[in-house]
Amino acid sequence: MKKILLLLSLILILSGCVNTANFTTYLNSNDILTNTEKLPTNTVGLIPSLSGFPILYAHNNNMFKEKGFYFDLVMYKSSDERDEDYLNNELIGLTTDLIAVASYYSAGVPTTTITSTKETLGLVSSTFSTKSDFKNSDILYSKNTVIDYTLDQFLENYRLENSYINKIDVPSIPKRLQLLNYNHPTSAILPEPFLSMAIKEGHKLIITSDDINSSIVSFSFRKDFVDSNSKEVDIFLDVYNEAITILNNMTDSQFEDTLFESYNLDDSLRGHIDRFVFQESSPLNIVEGINAMQWAIDADIIDAFPPLDSIVYIPKK
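None of these values were measured; they are calculated from a predicted model.

**Q** Could you give me a rundown of the overall build of the protein chain, with the residues and numbers involved?
**A** Within the protein chain, the regular secondary structure consists of 13 helices and 10 strands. Expressed as a percentage of the 317 residues in the protein chain, the buried residues total 54%. For the protein chain, the computed accessible surface area is about 14200 Å², with 47% contributed by carbon and sulfur atoms.

Below, the structure is given as structure tokens:
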């Protein structure tokens, strides 16, 4: 209990001093958008993880504009901040996941998944390395999100109950990493590139979503936008695939240079982030979709399954 109170105190202290300068807010070719400015009408939201890298790369290189789809891009520190703007009708699309899509439906904002996106989520620890070490350990996570869903899958993989650990809700990804690096006996679920940052700091990688073939991360648009803008949605998918081809065909050094420039990463991380191979756009995996929605029902995020024909986009061409 003392450890939990200490960590919660640290969260409050860090909320005013966390350095997130490595992850700039992108808008209009990298002009910085302040928190007090209203977002433009056509805005897409990303969080600082590699799943949105092809979108960021294509946007920064005007690939969407060249095909006739104009939108602005904003980077958020946490899914909570992203979702707040999305539910307030500030965003037309966002990198997200099926758990979030369920919460949008619950809030009265039907959302259509355009494509699955590659994302690696991992559990890292400063204290334990085996299943038996999990007992009563503090794990930093984000409640009712894909992070929460993945943590439950990790526990299920080890045949452990939720009561076996202490979950501590820290929505901000940078804060989660910084708390982990305070060297308190704790662990965290993180996406790339934060996962590699934690490993570089000496934390042990326990398990990843790749190890259990879990993938419910996606890019989605508001359903009303999809219904009236199928041409733009198809352009988005075409450009997304073009960007993936370019990124996957880069040499390791070219890819690293592009990644570090795009995310303004510290050079000390060079050589510590594994090469990512992106997958071309693909529809939602129905089995994983059903599993995710059932988890969302069990977590009281939604009352019943949303219609799958609304969640999954079918190109008109």
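**Q** Before we move on, could you go through a nonpolar patch on the surface and cite the residues and values that matter?
**A** Nonpolar side chains collect at one region of the surface, where Ile286, Ile290, Phe305 and Leu308 lie side by side and expose about 310 Å² of accessible area between them. Looking at the element boundaries, phenylalanine 305 is found in the loop between helix H12 (286-298) and helix H13 (308-311). By relative accessible area, phenylalanine 305 is classed as partly exposed at 39%.

**Q** Describe the environment of asparagine 89, naming the residues involved and giving the relevant values.
**A** The residue asparagine 89 is located in the loop between helix H4 (79-87) and strand E3 (93-97) in this model. In the structure, asparagine 89 is positioned 20 residues away from valine 109 in sequence and 9.0 Å away in space, judged by C-alpha atoms.

**Q** Break down the sheet that holds strand E4 (residues 111-116) for me, citing the residues and quoting the values.
**A** Spatially, the 5 strands line up as an open sheet ordered E2-E1-E3-E10-E4, and their pairing is mixed. Each edge of the sheet is formed by a strand with only one pairing partner; in this case those strands are strand E2 (72-75) and E4. Across this sheet, the average inter-strand angle for adjacent strands is 35 degrees, counted without regard to direction. Contacting strand E1 (43-46), E2, E3 and strand E10 (217-222), helix H2 (residues 53-60) runs over the sheet at an angle of about 135 degrees to E2.

**Q** Could you give an account of the pairing of E3, with specific residues and numbers?
**A** The side chains of a regular strand alternate between both faces of the sheet. Counting buried positions over the 5 residues of E3 gives 5, a clear majority of the element. Both faces of E3 are covered, namely the face carrying Gly93, Thr95 and Asp97 and the face carrying Leu94 and Thr96. Bridging between E1 and E3 involves 2 bridges; their strand directions are parallel. Residue pairing in the sheet places valine 44 in a bridge with glycine 93 of E3. Here E3 pairs with E10 via 5 bridges, running antiparallel. From the neighbouring strand, threonine 95 faces E10, where its bridge partner is phenylalanine 219.

**Q** So what's going on with helix H7 (residues 173-180)? Residues and values would help.
**A** A large share of H7 lies buried, amounting to 7 of its 8 residues. For H7, the capping residue at the N-terminal end is serine 172, with a side-chain oxygen 3.4 Å from the backbone nitrogen of lysine 175.

**Q** Talk me through the environment of histidine 203; I want residue IDs and the actual numbers.
**A** Turning to its location among the elements, histidine 203 is positioned in the loop between helix H8 (194-200) and strand E9 (204-208). Given the relative accessible area of 5%, histidine 203 is considered buried. Excluding its chain neighbours within four sequence positions, the residues that come into contact with histidine 203 are Val124, Ser125, Ser126, Leu180, Asn181 and Ala198. Within the structure, histidine 203 has its side chain in polar contact with the side chain of asparagine 181 (distance 2.8 Å).

**Q** Lay out the nonpolar core with the relevant residues and their values.
**A** Of all hydrophobic cores here, the largest spans 98 residues; its most connected members are Leu123, Phe134, Leu190, Phe221 and Leu259. The greatest single-element share of this core, amounting to 9 residues, is contributed by helix H10 (residues 230-248). If near-sequence neighbours (up to four positions away) are discounted, phenylalanine 221 is found in contact with Val44, Phe69, Tyr86, Ile92, Gly93, Thr111, Thr112, Ile114, Val226, Val233 and Phe236.

**Q** For the sheet that holds E9, give the residues involved together with the corresponding values.
**A** Ordered by their spatial adjacency, 5 strands build an open sheet running E7-E6-E8-E5-E9, and the pairing between neighbours is mixed. The open sheet is flanked by strand E7 (166-169) and E9, the only strands paired with a single partner. Adjacent strand axes in the sheet meet at a mean angle of 30 degrees when their direction is disregarded. The sheet contact formed by strand E6 (residues 138-141) and E7 spans 4 bridges and is parallel. Bridging across to E7, tyrosine 141 finds its partner in aspartate 169.

**Q** Lay out the pattern of salt bridges with the relevant residues and their values.
**A** On inspection of all chains with the given rule, the structure shows 11 salt bridges. The residue aspartate 148 makes a salt bridge to lysine 167 at a minimum N-O spacing of 2.9 Å. On the criterion of sequence distance, the pair formed by aspartate 148 in helix H6 (residues 146-157) and lysine 167 in strand E7 is long-range, its members being 19 residues apart. Aspartate 148 gets classed as buried once you look at its relative accessible area, which sits at 4%. Residue arginine 275 is joined to aspartate 252 by a salt bridge in which the shortest nitrogen-to-oxygen separation is 2.7 Å. On the criterion of sequence distance, the pair formed by arginine 275 in the loop between helix H11 (252-263) and H12 and aspartate 252 in helix H11 is long-range, its members being 23 residues apart. According to the relative accessible area criterion, arginine 275 is partly exposed, its value standing at 27%.

Criteria and thresholds
Per-chain numbering applies: the sequence of each chain, read as written, is numbered from 1 onward. With the structure being a predicted model, the display of local features is reserved for residues of pLDDT at least 70 and the display and counting of side-chain atom pairs for 80 or more, all residues being used for whole-chain, interface and lining totals. Just so you know, side-chain values use all the structure's heavy atoms and leave hydrogens and water out. The helix and strand labels rest on DSSP assignments: H or I over at least four residues marks a helix, E over at least two residues marks a strand, and numbering proceeds from the N terminus. Only protein chains enter the accessibility calculation, which uses a 1.4 Å probe. A residue is then buried if its area is under 20% of the maximum for its type, exposed if over 50%, and partly exposed in between. For accessible areas, the Shrake-Rupley method is used with a probe of radius 1.4 Å. Any residue's cover is judged against the shown protein chains and nothing else. Surface patches are drawn from residues lacking salt bridges whose relative accessible area is over 30%; two like charges belong together within 9 Å, two nonpolar side chains (Val, Leu, Ile, Met, Phe, Trp, Tyr) within 5 Å. We define a salt bridge as a side-chain nitrogen of Lys or Arg found within 4 Å of a carboxyl oxygen belonging to Asp or Glu. Only strands joined by at least two bridges in the DSSP assignment are considered to pair. Note on definitions: angles span 0 to 180 degrees between N-to-C directions of axes, and those axes are lines fitted to C-alpha atoms, for helices only across the stretch in contact. We call two residues contacting when some pair of their heavy atoms lies within 4.5 Å. Any N or O atom pair separated by 3.5 Å or less is treated as a polar contact, with the protein-specific requirement of one donor-capable and one acceptor-capable atom, and with residues adjacent in sequence counted only for side-chain atom pairs. Remark: nonpolar core denotes a set of buried residues (Ala, Val, Leu, Ile, Met, Phe, Trp, Tyr, Cys) joined through side-chain atoms within 4.5 Å.

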